[in-house]
Amino acid sequence: MTVLEPGPGMGFFTLELARLVGTSGRVVAVDIQPKAIERLKRRAAEARLLHVIDARLTSPDLTGVDDLRGSVDFTLAFAVVHELPDARRFFAEVAAASKPGASILLAEPKGHVKTSEFDSELQAAADKGFKIVDRPSIRRAHAALLRKTLSN
Ligand SMILES: C[S@@+](CC[C@H](N)C(=O)[O-])C[C@H]1O[C@@H](n2cnc3c(N)ncnc32)[C@H](O)[C@@H]1O
């Protein structure tokens, strides 16, 4: 599988994602903070997972993933969409990078993101062709599993 992880930070989830996809998969992790990318690369090297993890610096609008067009199976957007300047633009970029039928796990911390704000994020995702297929329970988080519909 090819996994896209916007806003990995220091890689709390990235190393586990890399273990899950295995040596035939890859995790493309993109962050706007050079220090986060440096630290993530160091941790990936220490865990001998650098060959699976492609850690990249991006701009706030999630540029620099054009080469992924139509190739992503799964996107983990954990505690990041509320930090972005434009959720609609973000979901448009993810839709372009994703295969038909690809999924996104969208999760936001309840402490930072109101239910109404999370609902707006879900609407932005729906506008770009992602429909809700599950509402997993994640402690102290709003969460939804979304799937890219074939029609968009
Ligand atoms: C709250 S942290 C979450 C880190 C990680 N996803 C986690 O849950 O442990 C948010 C991360 O998103 C990154 N970020 C903020 N705006 C971004 C953007 N426009 N594109 C990519 N990453 C961004 C920040 O630099 C930070 O590393």
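Here, the structure is the one placed above.
Residues numbered from 1 in each chain as written. Predicted model: local features only at pLDDT ≥ 70, side-chain atom pairs only at ≥ 80, totals over all residues.

Brief notes about the overall build of the chain
- A count of helices and strands for the chain gives four helices and seven strands.
- Listing the helices and strands of the chain from first to last along the sequence gives β-α-β-α-β-β-α-β-α-β-β.
- The C-alpha atoms of the chain give 14 Å as radius of gyration, which agrees with the globular expectation for 152 residues (15 Å, within 12%).
- The contacts in the chain between residues at least 6 apart in sequence include a share of 71% that link residues at least 24 apart. (Helix = DSSP H or I, 4+ residues; strand = E, 2+ residues; numbered from the N terminus. Rg over C-alpha atoms; globule rule 2.2 N^0.38 Å. Contact = placed C-beta atoms within 7 Å.)

Focus: the sheet that holds strand β4 (residues 72-78)
- Pairing is mixed in the open sheet, where seven strands are placed in the order β3-β2-β1-β4-β5-β7-β6. Looking at strand neighbours, the two that pair on one side only are β3 (53-57) and β6 (130-134), the edges of this open sheet. Within the sheet, the average angular offset between the axes of one strand and its neighbour, ignoring direction, is 25°.
- Examined bridge by bridge, strand β5 (residues 98-109) and strand β7 (residues 141-148) share seven bridges and lie antiparallel to one another. Along β7, the bridge assignment pairs P109 with A141. (Pairing = 2+ DSSP bridges. Axes fitted to C-alpha atoms, helices over the stretch in contact; angles between N-to-C directions.)

Re the site of the ligand
- Close contacts around the ligand come from 18 residues, with G7, G9, F12, P60 and A79 the closest.
- Class assignment for the residues of the shell around the ligand results in 12 nonpolar, four polar and two charged. (Near = placed C-beta within 6 Å. Nonpolar A, V, L, I, M, F, W, Y, C, P; charged D, E, K, R; others polar.)

Description of helix α4 (residues 115-127)
- Here α4 is 13 residues long and its end C-alpha atoms lie 18 Å apart, about the 18 Å a rise of 1.5 Å per residue gives.
- All of the buried residues along α4 are F118, E121, L122 and A125. The buried residues of α4 all sit within an arc of 100° when viewed along its axis, so they share a single face. Looking at α4, the residues exposed on the side facing more than 90 degrees away from the buried face are S116, D119 and Q123.
- Where α4 is buried, its residues meet α3 (87-97), β5, β6 and β7.
- With its phi angle positive at about 95°, G129 sits one or two positions after the end of α4. (Expected span 1.5 Å × (residues − 1). Buried ≥ 20, exposed ≤ 12 C-beta atoms within 10 Å, placed from the backbone. Arc of directions from axis to C-beta.)

Quick word on the pairing of β7
- Across four bridges, β6 lies against β7 in antiparallel orientation. By the bridge assignment, D134 is partnered in β7 with L145.
- With antiparallel pairing between neighbouring strands as the criterion, β6 and β7 make up a hairpin whose turn holds six residues, including R140 at a positive phi of roughly 60°.

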